[in-house]
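Secondary and tertiary structure notes
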Amino acid sequence: MAKGYWASVYPAVSAPEGLTAYEKLAGPAVRAGGGRVLSRGGRVVAHEAGITQRVVLIEFDSFEQAVAAYESEAYQKALVALPDGVERDFRIVEGID
């Protein structure tokens, strides 16, 4: 079964302190959904039209598990905590077996 991944890129964060409330709720929701954080805000080298701002990569045992974690009540509560000053490009992608 192919793994599932959450890939988030934050092109603009004008209120970084606002991410704290989101992270306090999102972390436990991701772990409860079976997610494992592979990368969060580390170094980035961007090419072509790449964005060097914050990048987050989370792995799940399956694509379906990744979708279910996003749709969970716990994660939906975390999304409400994302402040207006945060612009995010979020994707759920299926890995290759």
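Please refer to the structure placed before this passage.
Residues numbered from 1 in each chain as written. Predicted model: local features only at pLDDT ≥ 70, side-chain atom pairs only at ≥ 80, totals over all residues. Heavy atoms only, no water.

**Description of the overall build of the protein chain**
Tallying secondary structure elements over the protein chain gives three helices and four strands in all. When its helices and strands are written in sequence order, the protein chain yields β-α-β-β-α-α-β. Against the 2.2 N^0.38 benchmark of 13 Å for 97 residues, the protein chain shows a C-alpha radius of gyration of 13 Å, consistent with a compact globule. Each principal axis of the C-alpha distribution contributes one length, and for the protein chain these read about 35 × 35 × 15 Å. Sorting the 97 residues of the protein chain into buried and exposed places 32% on the buried side. At a minimum sequence separation of 6, the contacts of the protein chain that also span at least 24 residues come to 77%. Of the roughly 6,100 Å² that the protein chain leaves accessible, carbon and sulfur atoms contribute 53%. Taking the average place of the 10 positive charges on the side chains of the protein chain and the average place of its 13 negative ones, the gap between the two points comes to 8 Å. (Helix = DSSP H or I, 4+ residues; strand = E, 2+ residues; numbered from the N terminus. Rg over C-alpha atoms; globule rule 2.2 N^0.38 Å. Buried < 20%, exposed > 50% of the residue type's maximum accessible area, 1.4 Å probe, protein only. Contact = heavy atoms within 4.5 Å. Areas by Shrake-Rupley, 256 points an atom, 1.4 Å probe, with all protein chains shown as cover. Lys, Arg positive; Asp, Glu negative; His and termini not counted. Charge placed at Lys NZ, Arg CZ, Asp CG, Glu CD.)

**Brief notes about the environment of Gln76**
The residue Gln76 is located in helix 3 (residues 73–80) in this model. Distance from Gln76 to Leu25, taken between C-alpha atoms, is 9.4 Å for residues 51 residues apart in sequence.

**Brief notes about helix 3**
Because each turn of an α-helix spans 3.6 residues, side chains separated by three or four positions end up pointing in the same direction. For helix 3, the full list of buried residues reads Tyr75, Ala78 and Leu79. For helix 3, the buried positions fall inside an angular range of 100° around the axis, keeping them on one side. Opposite the packed face of helix 3, turned more than 90 degrees from it, sit the exposed residues Glu73, Lys77 and Val80. (Arc of directions from axis to C-beta.)

**Some words on the packing of aromatic side chains**
Considering all chains together, one arrives at seven aromatic pairs under this definition. When the centroid spacing of 4.7 Å and the interplanar angle of 55° are considered together, the rings of Trp6 and Tyr75 count as tilted. Taken together, the positions of Trp6 in strand 1 (residues 4–13) and Tyr75 in helix 3 put the pair 69 residues apart, joining distant regions of the chain. Overall, the relative accessible area of 2% leaves Trp6 in the buried class. Judged by centre distance (5.3 Å) and plane angle (70°), the ring pair of Trp6 and Phe90 falls under edge-to-face. Note that Trp6 is positioned in strand 1 and Phe90 in strand 4 (residues 86–94), a separation of 84 residues in sequence. (Phe/Tyr/Trp six-rings, centres within 6.5 Å; stacked < 30°, edge-to-face > 60°.)

**Here's the deal with the side chain of Ser62**
Of note, Ser62 is situated in the loop between strand 3 (55–60) and helix 2 (63–71). A polar atom in the side chain of Ser62 sits 3.0 Å from the backbone nitrogen of Gln65. Once residues within four sequence positions are removed from consideration, Ser62 is found in contact with Met1, Ala2, Lys3 and Gly4. (Polar contact = N/O pair within 3.5 Å; in protein donor to acceptor, adjacent residues only side chain to side chain.)

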